[in-house]
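So you can see what is in the structure, the chains are spelled out below.
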Amino acid sequence: MTTEPLSASDSVPTRGTRRRARTRQKLTDAASALIAEKGVAGLRISEITELADVALGSFYNHFESKEELVKAVVEDTIGSRTQAIVAEMAALEDPADVVSFACRRVVRIAYEDPELAWLFVNLDRADALFETMVFPYAVRTLERGVAAGRFHITETHIALTGIVGSALAVMRAILDGRYGSEADVIFAEGVLRSVGLDRSEAGEVARHEFPEPARIGDARARSLA
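Residues numbered from 1 in each chain as written. Predicted model: local features only at pLDDT ≥ 70, side-chain atom pairs only at ≥ 80, totals over all residues. Heavy atoms only, no water.

Trainee: Looking at this model, I keep getting lost on the overall build of the chain. Mind explaining?
Mentor: Looking only at helices and strands, one finds twelve helices and zero strands in the chain. Written out in order from the N terminus, the α and β elements of the chain read α-α-α-α-α-α-α-α-α-α-α-α. Out of the 225 residues belonging to the chain, those deemed buried represent 45%. Accessible area of the chain: about 12300 Å², with a carbon and sulfur share of 52%. (Helix = DSSP H or I, 4+ residues; strand = E, 2+ residues; numbered from the N terminus. Buried < 20%, exposed > 50% of the residue type's maximum accessible area, 1.4 Å probe, protein only. Areas by Shrake-Rupley, 256 points an atom, 1.4 Å probe, with all protein chains shown as cover.)

Next comes the structure, spelled out in structure tokens:
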């Protein structure tokens with residue numbers, strides 16, 4: 001059986017496909033903004049479509065339920081941010097630098113993109129979702145640190161759960177105005193001490209300079225218009 005080669009027109013999205021993608025993006029952007037403001041429990045489909053300037057009936061052309069939309073928001077926000085952070089972590093050799101970098105990058109979302117940070121902290125089971133997304137690489141990093149004698153951890157999985165939960169708590173405190181501009185460094189230092197570095201080295205590593213990535217908010221700046 002022979003297969004006909006695809007023509008150029010087959011690989012180019014049609015006008016209808018592009019319009020459908022734009023509408024779906026408007027809905028996920030609107031839901032993201034509303035979750036950041038009210039949390040998932042306060043999310044209403046009518047409010048989402050109103051903010052997105054989309055007909056209420058059109059919602060169900062893209063999502064079967066509010067829960068499916070929330071899942072899409074998670075994949076579009078937490079997933080993409082996590083992937084970016086993990087990619088940047090891969091360039092670092094010292095497990096202590098990796099832990100410090102990851103802690104600081106996650107916490108700094110609260111400074112650089114408050115709307116996204118509110119989405120993170122208000123999302124149901126955000127800690128479990130975030131942990132699942134970083135789990136393979138994060139656990140390997142902790143285990144590598146133990147093997148190298150850098151870390152002293154009894155159970156890496158429990159350590160990771162504590163780190164992720166604490167990071168979200170620190171983000172909320174920053175958003176609430178309870179912590180100042182260096183909370184990311186102080187948090188990283190505390191985490192490094194908790195995994196086995198002494199106070200002096202933890203403080204030094206937590207203050208290492210890392211290359212600055214593009215601002216997190218820049219990658220997600222989209223208009224709802």
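Trainee: What am I meant to see in unusual backbone geometry here?
Mentor: The phi angle of most residues is negative, glycine excepted, and most peptide bonds adopt the trans form. One non-glycine residue, Asp-53, lies in positive phi territory at about 60 degrees. For Asp-53, a relative accessible area of 66% puts it in the exposed group.

Trainee: How should I be thinking about the pattern of salt bridges in this particular structure?
Mentor: Between side chains of opposite charge, pairing is possible as soon as their charged atoms come close. Throughout the structure, instances matching the rule amount to eight salt bridges. Of the charged contacts, one joins Arg-105 and Glu-88 as a salt bridge, the two residues approaching to 3.7 Å between their closest N and O atoms. Within this pair, whereas Arg-105 is found in helix α6 (residues 95-112), its partner Glu-88 is found in helix α5 (residues 78-89), the two being separated by 17 residues in sequence. A salt bridge links Asp-184 to Arg-108, with the nearest nitrogen and oxygen atoms 3.4 Å apart. Of this pair, Asp-184 sits in helix α10 (residues 183-194) while Arg-108 sits in helix α6, and the two are 76 residues apart along the sequence. Taking relative accessible area as the criterion, Asp-184 reaches 1% and is therefore assigned buried. Overlapping salt bridges bring together Arg-104, Arg-108, Glu-112 and Asp-184 as one network. (Salt bridge = Lys/Arg side-chain N within 4 Å of Asp/Glu carboxyl O.)

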